[in-house]
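Structural description and commentary
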Amino acid sequence: LAKARLPAPERTLRPTPPLMANAAQYGVLALIAIGLAKLALNVWTLSTAYFGGPIFPAIFAGTSFGLAINLMLPVIPEHVAVLGMVAGLVVSAAVAPLSVTVFLALIVDPSLTSVIAIAAVAAFIVRQLIAPTLPGIYRATRAREDELAA
């Protein structure tokens, strides 16, 4: 039997998001302000029982902070700064460094797994030193169940 040759699927590149494409035009202070505003609005929405969670806002804020770090210290590659900040902020929200490392390693270049793991473990240690009793999102979502069980 002859194998049918299927044409290779066309690979289309997605356009670069505006925040990343125009980071230099925004400047360091604007990128930091955007990240802080995103985190502040996320805290407000979560405290007012609005829908949503902390993971994707942490990814956005981490991207903004990582771009600012890259502009301040051009010696640090953009992808390393962004991944480090994203991993750190997501771990601080989720308190699950291994899960975050695996998740991010699956969606980016596998050669950057060490950068992600170092940032995730560092963020976990800092979070445990600063706020060891605050629950992560996994535990916080079960607060009502814990109250009923007590």
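Scroll up to find the structure this text is about.
This write-up is about the structure you can find in this document. (Residues numbered from 1 in each chain as written. Predicted model: local features only at pLDDT ≥ 70, side-chain atom pairs only at ≥ 80, totals over all residues. Heavy atoms only, no water.)

Describing the overall build of the chain
- Counting secondary structure elements, the chain contains nine helices and zero strands.
- Start at the N end of the chain and walk to the C end: the helices and strands fall as α-α-α-α-α-α-α-α-α.
- Scored against the burial criterion, the 150 residues of the chain give a buried share of 31%.
- For the chain, the share of sequence-separated contacts (at least 6 apart) that also reach a separation of at least 24 residues comes to 57%. (Helix = DSSP H or I, 4+ residues; strand = E, 2+ residues; numbered from the N terminus. Buried < 20%, exposed > 50% of the residue type's maximum accessible area, 1.4 Å probe, protein only. Contact = heavy atoms within 4.5 Å.)

Focus on the packing of aromatic side chains
- This model, assessed by the stated rule, comprises zero aromatic pairs.
- Against the face of phenylalanine 60 rests lysine 38, its NZ or CZ located 5.8 Å from the ring centre. (Phe/Tyr/Trp six-rings, centres within 6.5 Å; stacked < 30°, edge-to-face > 60°. Lys NZ or Arg CZ within 6 Å of the ring centre and 35° of its normal.)

Focus on a nonpolar patch on the surface
- Side chains of Leu98, Val102, Phe103, Leu106 and Ile107 sit close together on the surface and give an oily, nonpolar patch of about 550 Å² of accessible area.
- In this fold, phenylalanine 103 is placed in helix 6 (residues 97–107).
- For phenylalanine 103, a relative accessible area of 39% gives the class partly exposed. (Patch = residues over 30% accessible without salt bridge, like charges linked within 9 Å, V, L, I, M, F, W, Y side chains within 5 Å. Areas by Shrake-Rupley, 256 points an atom, 1.4 Å probe, with all protein chains shown as cover. Salt bridge = Lys/Arg side-chain N within 4 Å of Asp/Glu carboxyl O.)

Points about helix 7 (residues 113–130)
- A rise of 1.5 Å per residue sets the reference length of helix 7, with its 18 residues, at 26 Å; its end C-alpha atoms lie 26 Å apart and thus fit the reference within 8%.
- Turning to helix 7, its buried residues are Ile116, Ala119, Ala120, Ala123 and Arg127. Looking straight down helix 7, one finds that the buried residues subtend no more than 100° of arc, so they occupy a single side. Those residues of helix 7 that are exposed and aimed more than 90 degrees away from the buried face are Ile118 and Leu129. (Expected span 1.5 Å × (residues − 1). Arc of directions from axis to C-beta.)

Treat this as a map of the structure, not an account of what it does.
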